[in-house]
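Chain and residue survey
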Amino acid sequence: MRVSRDGGKTYPHKWVRELNAEKLLPMPAAVHLHDKHGCGRVLVLDLDQAAGTVADDYTSLTHTLDSLGAMWFADASPSGGRHIYIPLTDAVSHTVLADVARRLATLYPSIDPSPHYSADTGCIRPPGSVWKRGGHQRLITDLKDAIAATAICNPNHVLDSLVADVPPQPLPSAEPSIDVDVSAYVPEGNSHLSPRLATIARTGLYDTNRYSSPSEARQAVITGAVRAGLPQLDVIRRIETGIWPGLAAMYRRYATGQRKALGRDWAKARTWLSQQGSKSVQSGTTSPQVTGGRLPTPSTHMALRRIERHLTHTEPPAMDSSTRKRRYLLRALLAAAHQEGSLTVARGCRSLAIASGIDHTKIPATLNALCAEPHPLVRRIQDAQGKNAAVYELLAPDESTPDESPWAKGLPVEAVRPVFRILGLTAADVYETLELYPGLTGRGLARATGHSPTTVLDALALLHSHGLITAKTSGGNTVWSVTSSQMLVDAADRLGATAIVAALILRYRTERLAWWAWLAEQARRRQTEYISHNDLPPPLWEPHGYAA
């Protein structure tokens, strides 16, 4: 289920947690309608008070269901809206459920079919959920009848009977928008789909002006995966583990032959790309790659480790906004220095924004503040000029004590990773602390991070719900450790963070090209002005024009 932390306005993907059947939550909650394969075993008809006459539609709908001998139950919200639940014996694709809801909406105007549209985000508030203006979603069917409906269920052909006389409706055109705010995060992994295709793979929504059928949209995703250099087994893993439920639903009709069908699509994509003369792997900022760079010399390596140790022992546990910006910008510079194998780093504001999670317009001021500190760890040694970014040098503190930084154990220094674009920086703080010091309790984490115990417990529940950390009992206490790094990548894909980063990189690339074009235009104008405002040399005279 998803919980709402803003009183029922939104149910963000990051607040997913296990359904608790023992007690009601003090906040609104919504349950997922579809499983990790993009399929559902219940058709939910959402009757919205603002869209039509709920009472009339409810009476007519339930009469139809009873005449078909269907098993159902219903609940009502304090606003007057109602939900009708029709359990099914077998799971069907969310597109089938959406089609039935969409066709019924032509007969009953109060039906909102959108909860079934997205394989990834489709949710509904069930009986018992807190309503945003007070009260609860209340079961209005007799409890025994509701239990019987969920136990017996309906044969799937009841869906066909419901819409037997209703013509098919066109699919809703949905070019999923990527919310590209300026909080950017460095991408992980070797290759990525474009933001548009990744969103189709997650939600199953696509632009019907671009693709005329789910099969075409599915083939576009597979072609994009081949072009991006994703291994076929990695695509299969994402389908079968629920990272891409939208794509999984598109293969649902093949039942046990899903892998064979995907293999056919894969071969078709490779053939088409070879005919187009495309490379098998994208390059450039649209499919970012993290490279190893040059290995630093021993002296450079030790200097970087001294800076890391200094930060570990001098950063305050509790951070305000400016201190947090300082922390992650320094981390971004350190990561770049390790990659370059040098204490000098030349990175533009947008590149540092991608690594640090800071708005690129705030980077210059934060860099200036770092350079102006009484004992700076960074200094500017060359200003930006034209296309070339400013050059900064990292300054190691003069320390003679042994390097005891946890980073010295061989763990790479990290800025902000994509998944925390969604989960937040508090979760990043807790996760990173567990990376360096595994086996801490909740109270130990509160002391290490400077966050309150309640805040840490919320972050632990959030990280655990997405499989990023694991718990075990030691000495009567619950201790926490991180899971594999692959889980970070999977969670970023599942939550859409990777697509957001890729979209942001595309946006920055466009802005950078515009800046370069402006520089070229200014250079051309300066050259033109120089020629027009200076005396030109005298014209060449023909030989016969000279005096004898």
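Keep in mind the model is a prediction, meaning the values are calculated, not measured.

Definitions and cut-offs
- The written sequence of each chain sets the order in which its residues are numbered from 1.
- Reporting in this predicted model follows two pLDDT cut-offs: at least 70 for local features of residues, and 80 or more for side-chain atom pairs to be given and counted; totals over whole chains, interfaces and linings ignore these cut-offs and use all residues.
- Water and hydrogen atoms were dropped before computing side-chain values, which therefore reflect all heavy atoms in the structure.
- Secondary structure is summarised from DSSP: a helix means a run of H or I of at least four residues, a strand means a run of E of at least two, and numbering begins at the N terminus for each.
- Throughout, a contact is declared for two residues whenever any of their heavy atoms are within 4.5 Å.
- Working definition of accessibility: Shrake-Rupley area with a 1.4 Å probe, residue cover restricted to the visible protein chains.
- By nonpolar core is meant a set of buried Ala, Val, Leu, Ile, Met, Phe, Trp, Tyr and Cys residues that side-chain atoms within 4.5 Å join together.
- Partly exposed residues are those whose accessible area sits between 20% and 50% of the maximum for their type, while under 20% is buried and over 50% is exposed, using a 1.4 Å probe and protein chains only.
- Here a Phe, Tyr or Trp ring, Trp counted by its six-membered ring, pairs with any other such ring whose centre lies within 6.5 Å, and the pair is stacked when the planes are under 30 degrees apart, edge-to-face when over 60, and tilted otherwise.
- As a rule, the C-alpha atoms of each element are fitted with a line to give its axis, helices using only the stretch in contact, and angles between N-to-C directions run from 0 to 180 degrees.
- What sets the label is the angle itself: under 35 degrees gives roughly parallel, over 145 gives roughly antiparallel, 65 to 115 gives roughly perpendicular, and the rest give oblique.
- Crossings are assigned a handedness: left-handed for a near helix turned anticlockwise from the far helix by less than a right angle, right-handed for a clockwise turn.
- When residues are sorted by character, Ala, Val, Leu, Ile, Met, Phe, Trp, Tyr, Cys and Pro go into the nonpolar class, Asp, Glu, Lys and Arg into the charged class, and all the rest, Gly among them, into the polar class.
- The term salt bridge refers to a side-chain nitrogen of Lys or Arg lying within 4 Å of a carboxyl oxygen of Asp or Glu.
- The rule for pairing is simple: two strands pair if DSSP sees at least two bridges between them.
- Each patch groups residues whose relative accessible area exceeds 30% and which form no salt bridge, using 9 Å between like charges and 5 Å between nonpolar side chains of Val, Leu, Ile, Met, Phe, Trp and Tyr.
- Whenever two N or O atoms come within 3.5 Å, that pair is a polar contact, provided that in protein one can donate a hydrogen and the other can accept it, and provided that, for residues adjacent in sequence, both atoms are side-chain atoms.
- In summary, the charge assignment counts Lys and Arg as positive and Asp and Glu as negative, without counting His or the chain termini.
- Note that the charge is assigned to NZ on lysines, CZ on arginines, CG on aspartates and CD on glutamates.

**Section: the overall build of the protein**
On a plain count of helices and strands, the protein comes out with 19 helices and 13 strands. Taking as baseline every contact in the protein between residues at least 6 positions apart, the subset at least 24 positions apart corresponds to 72%. Summed over its atoms, the accessible surface of the protein is roughly 27,500 Å², and 54% of this surface lies on carbon and sulfur atoms.

**A short note on the nonpolar core**
Core analysis: the largest hydrophobic core is formed by 32 residues, its most contacted members being V419, F420, L423, L460, L463 and L468. Of all elements in the fold, only helix 14 (420-423), helix 15 (425-436), helix 16 (442-449), helix 17 (453-465), helix 18 (485-495) and helix 19 (497-532) reach the threshold of two or more residues within this core. Beyond its immediate chain neighbours, meaning those up to four positions away, L468 contacts V419, L423, Y431, L463, V482, T483, M487, L488 and A491. The next biggest cluster of nonpolar side chains, apart from the first, holds 30 residues, and it includes V345, I358, V413 and L504.

**Describing the environment of A269**
Here A269 lies in helix 9 (residues 258-276). Sequence-wise, A269 and G224 are 45 residues apart; in three dimensions their C-alpha atoms are separated by 8.4 Å. What A269 contacts, discounting residues up to four positions off in sequence, is Q219, I222, T223 and V226.

**Let's talk about the packing of aromatic side chains**
In this structure the tally under the stated criterion is six aromatic pairs. Measuring from ring centre to ring centre gives 5.7 Å for F420 and Y431, while their planes differ by 55 degrees; the resulting arrangement is tilted. Of this pair, F420 sits in helix 14 while Y431 is found in helix 15, placing the two residues 11 residues apart along the sequence. Like Y431, F420 is buried.

**Overview of the environment of A30**
Take A30: it is sitting in strand 2 (residues 29-32). Excluding residues within four positions of it along the chain, A30 makes contact with M1, R2, Y11, C123, I124, R125 and P126.

**So, the packing of helix 16 against helix 17**
Their axes nearest at 9 Å, the elements helix 16 and helix 17 cross at an angle of 110 degrees. On the basis of the axis angle, helix 16 is roughly perpendicular to helix 17. The hand of the helix 16/helix 17 crossing is right-handed. Counting all contacts with helix 16, which are made through G442, L445, A446 and T449, the residues of helix 17 involved are P453, V456 and L460. Among the residues making up the contact of helix 16 with helix 17, the classes are represented as five nonpolar, two polar and no charged.

**Focus on the pattern of salt bridges**
Tallied over the full model, the rule gives 24 salt bridges. With a shortest N-O distance of 3.9 Å, D458 and R5 are connected by a salt bridge. Pair noted here: D458 is in helix 17 and R5 is in the loop between strand 1 (2-3) and strand 2, with a separation of 453 residues, a long-range link. Overall, D458 belongs to the partly exposed group, its relative accessible area being 31%. With a relative accessible area of 38%, R5 lands in the partly exposed category. In this structure, the salt-bridge partner of R347 is E340, at a minimum N-O distance of 2.9 Å. On the accessibility criterion, E340 (25% relative accessible area) is partly exposed. A single network of salt bridges, built from pairs that share partners, joins D234, R237, R238, D490 and D493.

**Thoughts on the sheet that holds strand 1**
Spatially, the three strands line up as an open sheet ordered 1-2-7, and their pairing is antiparallel. Edge positions in the sheet fall to strand 1 and strand 7 (123-124), since each of these pairs with one other strand and no more.

**Notes on the sheet that holds strand 9 (residues 344-346)**
Strand order in the open sheet formed by three strands is 9-11-10, and the pairing between neighbours is antiparallel. Strand pairing shows two members of the sheet lacking a second neighbour, strand 9 and strand 10 (378-382), which therefore form its edges. This sheet shows a mean twist of 35 degrees between the axes of neighbouring strands, independent of strand direction.

**Some words on a nonpolar patch on the surface**
A grouping of L513, W515, W516 and W518 is seen on the molecular surface, where their side chains present a nonpolar patch of about 430 Å² in accessible area. Residue placement: W518 occurs in helix 19.

**Some words on unusual backbone geometry**
For C153, which is not glycine, the phi torsion reads 65 degrees and is therefore positive. Locating C153 in the fold gives a position in the loop between helix 3 (143-152) and helix 4 (157-162). For C153, a relative accessible area of 12% translates into the label buried.

**So, the environment of M302**
Following the sequence through the fold, M302 ends up in helix 10 (residues 298-314). Overall, the relative accessible area of 39% leaves M302 in the partly exposed class. It is 8.9 Å that separates the C-alpha atoms of M302 and A396, two residues lying 94 residues apart in sequence.

**As for the side chain of H94**
Tracing the chain through its elements places H94 in helix 2 (residues 94-107). Within the local environment of H94, its side chain forms a polar contact with the backbone oxygen of H116, the two atoms lying 3.2 Å apart.

**Regarding the packing of helix 10 against helix 11 (residues 321-340)**
Relative orientation of the contacting elements helix 10 and helix 11 amounts to 165 degrees, with a least axis distance of 11 Å. In terms of axis orientation, helix 10 runs roughly antiparallel to helix 11. Helix 10 and helix 11 meet at a crossing whose hand is left-handed. Seen from helix 10, the contacting residues are H301, L304, I307, E308 and L311; seen from helix 11, they are R326, L330, L334, A337 and H338. Considered class by class, the residues forming the contact of helix 10 with helix 11 number six nonpolar, two polar and two charged.

**Description of a positive patch on the surface**
On the surface, R253, K260, R264 and K268 cluster together into a patch of positive charge. Relative to the assigned elements, R253 resides in the loop between helix 8 (245-250) and helix 9. Given the relative accessible area of 64%, R253 is considered exposed.

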